[in-house]
Amino acid sequence: MLKRLYKISALSLLCIISSCSEDRLDIEPQVDDVYNGYLESESDMKKATNGLYTVLGSGTNFGASLILYGDLISDNVFQSTAYGGGYYSGISNFGWYADTSFGQYRSLYDVVQRANLVILDNFVPNNENVVSMKGEAKIARGLAYFYLVQLYSSNPTSGNYQEAGIVLKNNKYDPTETNARSTV
């Protein structure tokens, strides 16, 4: 019994001593691809174009909210307030609040920003695939602008507030840049 106890304690001591070496504590991160602001190859452009579809298909856009906003605003669906309202009660009651209603705004401008990255790229040589991806990015940007105008500007036929449209961003992202709203 005593021999067995010595063997177990020696084995556990050996595991404790060899489990943490100094080399394992000094792990350096591996940085493979550092983004420099430019697309460097056709595969990079393909990844950026596929990223457009990821943002468009998110829950804030066509995954849920964008489809529901249209139905809630047009009164095609009914939302019960019997159980505390719900997530879309502000939209259903035409209450547009900055803390609940502008996730859609940000998400659609993310599509515009990513599309501009593909459209304005001059480093990847043009071929049939690159022209096709730039065309897809232009369609995605146009779709985002369409829904931004539908949700956040006045109806063109109303004649009211036609000077307050949406911001048109047709250049690469610059956080210091401020643009005025364009007219409807």
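The structure this text deals with has already been given above.
Remember, predicted model here, so these are calculated numbers, not experimental data. Along each chain, residue indices are assigned from 1 in the same order as the chain's sequence is written. For a predicted model such as this one, the threshold for reporting local features is a pLDDT of at least 70, and the threshold for listing and counting side-chain atom pairs is 80 or more; totals across whole chains, interfaces and linings nevertheless cover every residue. Calculated side-chain values reflect all of the structure's heavy atoms, with hydrogen atoms and water omitted.

J.: What exactly am I supposed to notice about helix α4 (residues 65-73) here?
T.: Along an α-helix, a turn takes 3.6 residues, which lines up residues three or four apart on a common side. For each residue, the accessible area found with a 1.4 Å probe, counting protein chains only, is set against the maximum for its type, and the residue is called buried under 20%, exposed over 50%, and partly exposed in between. Numbering of helices and strands runs from the N terminus, with a helix taken as a DSSP run of H or I at least four residues long and a strand as a DSSP run of E at least two residues long. By the burial criterion, the buried members of α4 are S65, L66, Y69 and L72. One side of α4 holds all its buried residues, which, seen down the axis, span an arc of 130 degrees. Backbone geometry just downstream of α4 places D75 in the positive-phi region, at approximately 65 degrees. Here the arc refers to the set of directions running from the helix axis out to each C-beta atom.

J.: Quick question: what am I supposed to make of a nonpolar patch on the surface here?
T.: Residues enter a patch when their relative accessible area is above 30% and they make no salt bridge; the linking distance is 9 Å between like charges and 5 Å between nonpolar side chains (Val, Leu, Ile, Met, Phe, Trp, Tyr). Calculation of accessible area relied on Shrake-Rupley with a 1.4 Å probe; when residues are assessed, cover is drawn exclusively from the protein chains displayed. What counts as a salt bridge is simple: a side-chain nitrogen of Lys or Arg found within 4 Å of a carboxyl oxygen of Asp or Glu. Taken together, the side chains of L2, L5 and Y6 make up a nonpolar region of the molecular surface, amounting to roughly 360 Å² of accessible area. Locating L5 in the fold gives a position in helix α1 (residues 2-19). Judged by its relative accessible area of 53%, L5 falls in the exposed class.

J.: I keep staring at the nonpolar core and nothing clicks. Help me out?
T.: Nonpolar side chains tend to gather and get buried jointly when the protein is soluble and globular. By convention a nonpolar core is built from buried Ala, Val, Leu, Ile, Met, Phe, Trp, Tyr and Cys residues, the set being connected through side-chain atoms within 4.5 Å. By size, the foremost hydrophobic cluster in this structure holds 27 residues, and its most contacted members are M45, Y109, V111 and L148. Within the residue set of this core, elements represented by two or more residues are α3 (42-56), α4, α7 (103-119) and α8 (128-152). In terms of residue count, the dominant contributor to this core is α8 (nine residues). A contact between two residues is defined here by any heavy atoms of the two lying within 4.5 Å. In contact with V111, not counting residues within four places along its chain, are L52, V55, L56, N61, A140 and A144.

J.: Would you explain the environment of G159 in this entry?
T.: Turning to its location among the elements, G159 is positioned in the segment after α8. A relative accessible area of 54% means that G159 is categorised as exposed.

J.: When you look at the side chain of S107 in this model, what are you seeing that I'm missing?
T.: Positionally, S107 belongs in helix α7. If we skip the residues at most four places from it in the chain, S107 touches V55, S58, T60 and N61.

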